[in-house]
Amino acid sequence: MLRDKIMVIDDDAKITSMLKRSLAFEGYAVSTAANGSEGLKLLLLEEPNVIILDVMMPQLDGWEVCRRIRESGSDVPILMLTAKDEVSDRVKGLDLGADDYLVKPFALEELLARVRSLLRRRADKAEQQTRRVQAEDVVLDLDTREVIRDGSSIELTTKEFDLLHLFMQNPRRVLSRDLIMEKVWGYDYSGESNVLEVYIALLRQKLEEHGGKRIIQTVRGAGYVLRGE
């Protein structure tokens, strides 16, 4: 099982060492940086699940680090640490994109609880996002089983939906006929031998009904692939 990765960016060596030991004991993979510049460089190499970020640091302070992280497009949860218990500081951190705020000195148990909460929120968000799949200009909603292409809703049968979902989970990957049959119809399918070809034709027809380009391509001798050409 993969361990959640926590990055600690703090210039206080004692706090950094304590957090590294404590978080590792809780089962997390921990990386550390002693200042903001070092932390930003480390972020280019790693993809942490949570960042614990001190506010008062040399070179780049926590505010600036937080701002740059969000400007880069990253939505990694950020827990900011500060020695100041000022409402204005908390508001500033949240406005810059921080997710939570903890004042020093803090109880280790509370920090661990905050980290767990941020990880749960990130997992919930990821789960919600994975309920909608997009490839090319097609969006597929697994909850409503709705398919949208260029703003138009496309009505699909159960098998057509499952077939499209398989392609959208594997964009640009050539899927063999046997693999598709196994994933969509199951090992024990014993119906018409040309069922896949029939469903591919039906699916193409519906996807292209409003002038959309062909995105399910035939790869002769190999199978089918979802890609725009």
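Our structure is the block above this text.
Fair warning: this is a prediction, and the values are worked out from it, not measured in the lab. (Residues numbered from 1 in each chain as written. Predicted model: local features only at pLDDT ≥ 70, side-chain atom pairs only at ≥ 80, totals over all residues. Heavy atoms only, no water.)

Caption draft 1: View of the sheet that holds strand β9 (residues 152–154). Reading across the sheet, the four strands line up as β6-β7-β8-β9 and stay open at both edges, with antiparallel pairing between neighbours. On the outer flanks of this sheet lie β6 (132–135) and β9, each paired with one strand and no other. If you compare each strand with its neighbour and ignore which way they point, the axes differ by 25 degrees on average. Taken strand by strand, helix α6 (residues 158–169) contacts β6, β7 (138–141) and β8 (146–149), and its axis lies near 120 degrees from that of β7. (Pairing = 2+ DSSP bridges. Helix = DSSP H or I, 4+ residues; strand = E, 2+ residues; numbered from the N terminus. Axes fitted to C-alpha atoms, helices over the stretch in contact; angles between N-to-C directions. Contact = heavy atoms within 4.5 Å.)

Caption draft 2: Quick look at the nonpolar core. Formed by 28 residues in total, the largest nonpolar core has its most connected members in L164, F167 and I180. Secondary-structure elements contributing two or more residues to this core are β6, β7, α6, α7 (177–185), α8 (195–207) and β11 (223–226). Considering each element in turn, this core owes the most residues, six residues, to α6. Dropping the residues within four chain positions of it, F167 is found in contact with L175, I180, I200, I216, Y224, V225 and L226. (Core = buried A, V, L, I, M, F, W, Y, C linked by side-chain atoms within 4.5 Å. Buried < 20%, exposed > 50% of the residue type's maximum accessible area, 1.4 Å probe, protein only.)

Caption draft 3: Main features of the pattern of salt bridges. Per the counting criterion, the structure on display carries 16 salt bridges. Between R149 and D137 there is a salt bridge; the shortest N-O distance is 2.9 Å. Taken together, the residues R149 in strand β8 and D137 in the loop between β6 and β7 connect sequence positions twelve residues apart. Among the ionic contacts, a cluster of salt bridges with common partners joins E64, R67, R68 and E71. (Salt bridge = Lys/Arg side-chain N within 4 Å of Asp/Glu carboxyl O.)

Caption draft 4: Highlighting the packing of α6 against α7. Running from N to C, α6 and α7 point in directions that differ by 125 degrees, and their axes come no closer than 10 Å. Overall, the two elements α6 and α7 adopt an arrangement that is oblique. Here α6 and α7 pass one another in a crossing that is right-handed. Across from K159, D162, L163, L166 and F167 in α6, the residues of α7 making contact are L179, I180, K183, V184 and W185. Per-class residue counts for the contact of α6 with α7 are seven nonpolar, no polar and three charged. (Parallel < 35°, antiparallel > 145°, perpendicular 65-115°, else oblique. Left-handed = near helix turned anticlockwise from the far one by under 90°. Nonpolar A, V, L, I, M, F, W, Y, C, P; charged D, E, K, R; others polar.)

Caption draft 5: Region of interest: the pairing of strand β3 (residues 50–54). Burial analysis of β3 places five of its five residues in the buried class, the great majority of the element. Neither face of β3 is left uncovered, since the one carrying V50, I52 and D54 and the one carrying I51 and L53 both have all their residues buried. Across four bridges, the pairing between β3 and strand β4 (residues 78–82) is parallel. Within the sheet, the bridge partner assigned to D54 lies in β4 and is L81. Crossover handedness for the path β3 to helix α3 (residues 62–71) to β4: right-handed. (Right-handed = clockwise from strand over helix to strand, strands pointing away.)

Caption draft 6: Structural view of the packing of aromatic side chains. Per the counting criterion, the structure on display carries one aromatic pair. Centroid distance W185 to Y199: 5.3 Å. Interplanar angle 70 degrees. Geometry classified as edge-to-face. With W185 in helix α7 and Y199 in helix α8, this pair connects stretches of sequence that are 14 residues apart. (Phe/Tyr/Trp six-rings, centres within 6.5 Å; stacked < 30°, edge-to-face > 60°.)

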